[in-house]
Amino acid sequence: MQTEINFDGIIGPSHNYAGLSHGNLAATRNRGLVSRPRAAALEGIAKMRANIALGLTQGILLPHSRPDHRWLESLATTYADADPLLQAQALSASPMWAANAATVSPAPDTEDGRCHLTVANLVTMPHRSHEWPETLAQLRLAFADPAFAVHGPVPAPFGDEGAANHMRLASAHDAPGVEIFVHGESGGPFPARQHLAASEAIARRHGVQQALFVRQSEQAIAAGAFHNDVVAVANGTVLFAHEQAFAAKEAFYADLRAALPGVEIVEVPAAQVSLEDAIRSYLFNAQLVTLPSGEMALILPAEARDTPSVWNWLQEHLAGNGPIRRLEVVDVRQSMANGGGPACLRLRVVADPATVDPRFLVDAAKLDRIAAVIEARWPEQIAQDQIGEPALIASIEKARTALLEALGIVELIYR
Ligand code: SUG
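Residues numbered from 1 in each chain as written. Predicted model: local features only at pLDDT ≥ 70, side-chain atom pairs only at ≥ 80, totals over all residues. Heavy atoms only, no water.

1. Focus: helix H2 (residues 37–53)
- Across its 17 residues, H2 extends 24 Å between first and last C-alpha, which sits within 8% of the 24 Å expected from 1.5 Å per residue.
- Pro37, Ala40, Ala41, Glu43, Gly44, Ile45, Lys47, Met48 and Asn51 are the residues of H2 that are buried.
- Looking one or two residues beyond H2, the residue adopting positive phi is Gly55, at roughly 95°. (Helix = DSSP H or I, 4+ residues; strand = E, 2+ residues; numbered from the N terminus. Expected span 1.5 Å × (residues − 1). Buried < 20%, exposed > 50% of the residue type's maximum accessible area, 1.4 Å probe, protein only.)

In structure tokens, the structure reads:
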């Protein structure tokens with residue numbers, strides 16, 4: 001049976017605050033803080049446990065091998081010789097944000113009836129530009145079944161940041177849907193990370209039957225919405241978005257209503273929640289999910305509860321007859337401090353779980369085993385001035401190997 005599976009990126013042992021993402025205000029604001037990789041990874045595990053308890057199907061993607069020695073080799077250097085910026089770029093645990101792993105077009109949407117995945121090239125940010133080879137290797141393992149078609153990256157210079165700029169609306173997960181590809185053109189002082197040409201190429205190669213292309217508003221990017229999933233999220237027939245998320249909004253909404261007559265657009269007015277509050281609280285970087293009961297729940301970061309304008313809007317929505325019936329608050333503060341909320345941490349794939357390599361699916365017992373490795377091996381903290389220390393690097397490398405061994409995913413250890 002086709003269902004939605006959320007694949008969460010396990011937060012890797014090298015998680016740190018190097019402030020690498022220009023335009024991501026949380027990451028630059030928190031540059032230089034001491035990170036807590038063990039606590040971070042356990043927060044991610046707790047989120048997965050909570051989602052399983054809600055009756056959702058849960059998968060994982062694995063931390064990449066860090067530092068990325070292959071990437072450094074292609075730059076004709078080594079970790080020991082690299083300058084601190086290059087070291088940080090090679091060490092980043094950014095693959096945790098699985099929403100940037102790939103764009104996924106579920107089987108009911110595509111011409112050939114297969115579920116298509118294109119690995120994101122992430123070319124805009126140097127520390128993320130070297131994620132794709134290892135992500136691709138994981139996707140090829142997890143989705144080796146002929147029900148899937150896994151594609152390599154769109155070529156540079158067309159920036160592609162994956163599912164974070166892609167939304168799907170459909171009357172049911174297993175019904176044909178409308179796929180919305182969101183790109184940026186300008187973002188004030190900040191880069192637009194998703195390019196229209198990349199989105200169009202993906203829609204063509206996936207054979208998406210109903211695709212809409214919409215531009216992110218310049219205002220949103222300039223306010224810190226470096227990905228669309230910071231200001232909008234969709235599930236089922238519901239689009240939940242900030243009033244200022246899109247450029248040419250009325251035309252987009254009209255196209256969407258024509259493509260999916262039952263669509264419900266839940267728009268949060270700027271007068272009630274400013275773009276700044278939306279971005280600081282990550283109201284929209286929530287997981288909007290359909291529970292087994294058929295009700296929709298919003299899985300939100302604690303920061304949303306702590307932001308009065310946001311929490312008031314949500315309470316009003318619940319009291320009215322809005323489509324979001326339930327709020328679930330999760331604590332992912334370590335990831336949030338780098339600009340990654342609950343939705344950034346997961347990649348949604350609609351598929352029959354029986355077609356997925358079972359090593360990439362988790363239940364509560366497997367999460368206990370993963371948590372035990374994290375507790376025993378993940379560094380408790382990393383200060384920025386430690387990232388050149390050989391002992392720290394050795395412990396990071398050993399920690400990841402221990403996890404892959406525990407999960408029996410040894411193909412990825414010595415790539
Ligand atoms: O690409 N942060 C990530 C956050 C990604 C969030 N993902 C989604 N919105 N889907 C980014 O900006 C910061 C890492 C650092 O600065 O060390 C970082 O890469």
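2. A short note on the site of the ligand
- In the neighbourhood of the ligand, 20 residues make up the surrounding shell, with Leu20, Ser21, His127, Arg193 and Cys344 lying closest.
- Take Asn100: an N or O atom from its side chain is 3.1 Å from a nitrogen atom of the ligand.
- A distance of 3.0 Å separates a nitrogen atom of the ligand from a polar atom in the backbone of Asn338.
- Contact with the protein chains covers 99% of the free accessible surface of the ligand, which is 490 Å².
- For the shell around the ligand, the residue count by class is eight nonpolar, nine polar and three charged. (Near = heavy atom within 4 Å. Polar contact = N/O pair within 3.5 Å; in protein donor to acceptor, adjacent residues only side chain to side chain. Areas by Shrake-Rupley, 256 points an atom, 1.4 Å probe, with all protein chains shown as cover. Nonpolar A, V, L, I, M, F, W, Y, C, P; charged D, E, K, R; others polar.)

3. Some thoughts on the pairing of strand E11 (residues 264–268)
- In terms of strand pairing, strand E10 (residues 238–242) meets E11 through five bridges, oriented parallel. Counterpart to Val238 in the pairing with E11 is Glu264.
- This β-α-β element, E10 to helix H9 (residues 249–259) to E11, shows right-handed connectivity. (Pairing = 2+ DSSP bridges. Right-handed = clockwise from strand over helix to strand, strands pointing away.)

4. A few points about the sheet that holds strand E4 (residues 115–119)
- Taken together, three strands build an open sheet; the order of strands is E3-E4-E5 and the sheet is mixed. Looking at the sheet topology across the chains shown, the edges are occupied by strand E3 (102–105) and strand E5 (148–151). With direction set aside, neighbouring strand axes in the sheet form an average angle of 15°.
- The strands touched by helix H6 (residues 132–142) are E3, E4 and E5; relative to E4, the strand with the most contacts, the crossing angle is about 160°.
- Across the face of the sheet, helix H7 (residues 196–206) comes into contact with E3, E4 and E5 while running at roughly 145° to E4. (Axes fitted to C-alpha atoms, helices over the stretch in contact; angles between N-to-C directions. Contact = heavy atoms within 4.5 Å.)

5. Some points on the environment of Arg359
- Residue placement: Arg359 occurs in the loop between strand E15 (346–351) and strand E16 (361–362).
- Arg359 sits 48 residues away from Leu407 along the chain, and the two C-alpha atoms are 6.7 Å apart.
- Within the local environment of Arg359, its side chain forms a polar contact with the side chain of Asp357, the two groups lying 2.9 Å apart.
- Among the polar contacts made by the side chain of Arg359, one reaches the main-chain carbonyl oxygen of Gly408 at a distance of 2.9 Å.

6. Brief notes about the nonpolar core
- Core analysis: the biggest nonpolar cluster contains 80 residues, and Phe7, Leu62, Phe143, Phe246, Leu347 and Ile370 have the highest contact counts within it.
- Setting aside residues no more than four positions away along its own chain, Phe246 makes contact with Met167, Val182, Val214, Arg215, Gln216, Ser217, Asn228, Ala232, Ala241, Phe252 and Tyr253. (Core = buried A, V, L, I, M, F, W, Y, C linked by side-chain atoms within 4.5 Å.)

7. Details of the sheet that holds strand E6 (residues 166–170)
- One open sheet holds the three strands; their spatial order is E6-E7-E8, and the pairing between them is mixed. Strands with a single pairing partner mark the edges of an open sheet, and in this sheet they are E6 and strand E8 (211–215). Averaged over all neighbouring strand pairs, the angle between strand axes comes to 25°, with direction disregarded.
- As paired elements, E6 and strand E7 (residues 177–183) share five bridges and run antiparallel to each other. Counterpart to His166 in the pairing with E7 is Phe181.
- Packed on one face of the sheet, H7 meets E7 and E8 and runs near 155° to E7.

8. Remarks on the packing of helix H14 (residues 364–377) against helix H15 (residues 390–407)
- Look at H14 against H15: their axes get within 10 Å of each other, and the N-to-C directions meet at 160°. The angle between H14 and H15 places the two elements in the roughly antiparallel class. With respect to the hand of their crossing, H14 and H15 are arranged in right-handed fashion. Only Ser395, Lys398, Ala399, Ala402, Leu403, Ala406 and Leu407 of H15 make contact with H14, whose side of the interface consists of Lys366, Ile370, Val373 and Arg377.
- Across the contact of H14 with H15, the residue classes break down as seven nonpolar, one polar and three charged. (Parallel < 35°, antiparallel > 145°, perpendicular 65-115°, else oblique. Left-handed = near helix turned anticlockwise from the far one by under 90°.)

9. Focus on the environment of Asp174
- Following the sequence through the fold, Asp174 ends up in the loop between E6 and E7.
- Excluding its chain neighbours within four sequence positions, the residues that come into contact with Asp174 are Gln2 and Pro108.

10. A few points about the side chain of Glu303
- As for its position among the elements, Glu303 is in helix H11 (residues 302–305).
- Setting aside anything within four residues of it in sequence, one finds Glu303 in contact with Arg280, Ser281, Arg333 and Met336.

11. A closer look at the pairing of E6
- The buried fraction of E6 is high, at five of five residues.
- Where burial is concerned, the two faces of E6 agree: the one with His166, Arg168 and Ala170 and the one with Met167 and Leu169 are both buried.
- In textbook terms, the turn of a hairpin is the stretch between consecutive antiparallel strands, and for E6 and E7 this stretch comprises six residues.

12. So, the pattern of salt bridges
- All told, the structure shown has 18 salt bridges when counted by the stated rule.
- Notably, a salt bridge pairs Asp368 with Arg49, separated by 2.7 Å at the nearest N-O pair. In this pair, Asp368 sits in helix H14 while Arg49 sits in helix H2, placing the two residues 319 residues apart along the sequence.
- Accessibility expressed as a relative area gives 43% for Asp368, which makes it partly exposed.
- Between Glu411 and Arg359 there is a salt bridge whose closest N-O contact spans 3.0 Å. Here Arg359 lies in the loop between E15 and E16 and Glu411 lies in the segment after H15, a separation of 52 residues in the sequence.
- Residue class for Glu411 comes out partly exposed when judged on its relative accessible area of 41%. (Salt bridge = Lys/Arg side-chain N within 4 Å of Asp/Glu carboxyl O.)

13. Here's the deal with the packing of aromatic side chains
- Under the definition given, this model contains seven aromatic pairs.
- Ring centres of Phe240 and Phe284 lie 4.7 Å apart, and the angle between their planes is 45°; on these two criteria the pair is classed as tilted. On the criterion of sequence distance, the pair formed by Phe240 in strand E10 and Phe284 in the loop between helix H10 (275–281) and strand E12 (287–290) is long-range, its members being 44 residues apart.
- Through successive ring pairs, a cluster of aromatic residues spans Phe7, Phe143 and Phe148. (Phe/Tyr/Trp six-rings, centres within 6.5 Å; stacked < 30°, edge-to-face > 60°.)

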